[in-house]
Amino acid sequence: MTFPDKTPRGWILLLMLLFLNACDIQQAQLHQQQFLLFGTLVDISLWSDDKQKTENAIAQITTDLEKMHNEWHAWHDSPLTRLNKALAAGQPGTVPPSMIPLLQKSIALSNASDGLFNPAIGRLINLWGFQQDDAPSNTPPDAARIQDLTTAQPKMQDLVLAHDQLTSRNPNVQLDFGAIAKGYAVDLAIEKLRALGIHNAIINAGGNLRAIGKHGDRPWRIGIRNPRGPGVLASIEARGDESMLTSGDYERFFEYQGKRYHHIIDPRTGYPARGFTSVTVIYPDAATADAASTALFVAGPQHWRDIAKKMGLQYIMIVDDKGHVTMTPAMAERVRFELNPAPNFSIVALP
Ligand code: ADP
Ligand code: MG
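A quick note: this is a predicted structure, and the numbers were derived from the prediction, not measured. (Residues numbered from 1 in each chain as written. Chains lettered and ligands numbered in written order. Predicted model: local features only at pLDDT ≥ 70, side-chain atom pairs only at ≥ 80, totals over all residues. Heavy atoms only, no water.)

Q: Can you explain the coordination of the magnesium ion (ligand 2)? Please cite residues and give values.
A: Every protein donor of the magnesium ion (ligand 2) is accounted for by A179 (O), D290 (O), D290 (OD) and T294 (OG1), and the metal-donor separations fall at 2.0 to 2.5 Å. In primary-sequence terms, the residues that donate to the magnesium ion (ligand 2) follow A-x110-D-x3-T. Linking D290 with T294, this pair stays in helix α8 (residues 286-310), spanning four residues, or about one helical turn. Neither residue differs from the other here; D290 and T294 are each classed as buried. (Donors = N, O, S within 2.8 Å, 3.2 Å for Na, K, Ca; no water. Helix = DSSP H or I, 4+ residues; strand = E, 2+ residues; numbered from the N terminus. Buried < 20%, exposed > 50% of the residue type's maximum accessible area, 1.4 Å probe, protein only.)

Q: How would you sum up the pattern of salt bridges? Please name residues and give values.
A: Using the criterion set out here, one finds 17 salt bridges in the structure. For D158, the salt bridge identified is with K155, shortest N-O distance 3.6 Å. According to the relative accessible area criterion, D158 is buried, its value standing at 9%. The salt bridge partner of D241 is R194, with a shortest N-O separation of 2.8 Å. One end of the pair, D241, is in strand β10 (residues 241-248); the other, R194, is in helix α7 (residues 181-195), and 47 residues separate them in sequence. The partly exposed category is assigned to D241, whose relative accessible area is 28%. (Salt bridge = Lys/Arg side-chain N within 4 Å of Asp/Glu carboxyl O.)

Shown next as structure tokens:
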């Protein structure tokens, strides 16, 4: 570097050089990290100009998410499986601090969905073979056992929480947070990012995501997976802070005699819910959107509009088992189909 001459112009130049150096100006860019948790691929995308802050934030939320995964695990030895053992024995069980708000939110959302989102049906989910690391068996369970667990009617309303002690009036209640945990975990991780000064990010747990801020000077564009076949069915621009969650029959399933048996169980029948292949919901918080997408999937073609209304939803996209797409008017305004040719669709208003 040649030293500037001693004219006023030269001094200004020198001061500018010193200032720029002190700022250590970095380019804003996309930082991404992926790992496996909650039985799915978790993808963190941050838009930031501060590498140090970004790396620290990613490390912290990774640790947080791992902790949630371990505490709420429905079949590995965990605080949740210990709690479930106590409930089955008719004993009070201890709810760890991280699980209390999750439990309370789950009770409220189960009520709001008329019990179609029902995290108390852990026994049924286990019977169907969806509480194991290995692929489920390829035959449906015995009809009489399904019937027994269905008529036992385990419900979130059977639970009584006093401080951190949980009891169940029904020993058939076994908690499984599979339909809400990813959304709730994403909410907590976004909250943590904000506390760490990161305001532009997406946290995506296997197609269950919350987006905040922007990708540089443009909005984040988020994709809805094609439930049958590869690629993206449609995409949407996120508006500031929103969550988009999808429940699909393609995540965990087996085929038996030409029929698909998947992991979203109708608590009324004890069998996998029929009629839809995927349900996508956009809502401010991811926990509600997660529970809601499961509830609408279970509600099926006859009842989804009533449940959507009850849960206060506005943005919904459903793919049925014939590949036909149904959207609410608010959703239709925002969707861009990415498949060519675009699928047949209809727009249906809520009651
Ligand atoms: P995904 O896990 O594919 O995002 P969901 O959010 O719909 O889909 O969650 C499905 C999981 O939720 C199942 O694997 C099971 O653990 C649990 N589950 C299944 N049926 C129900 C139901 N009716 N209510 C609450 N939880 C359910
Ligand atoms: Mg869900």
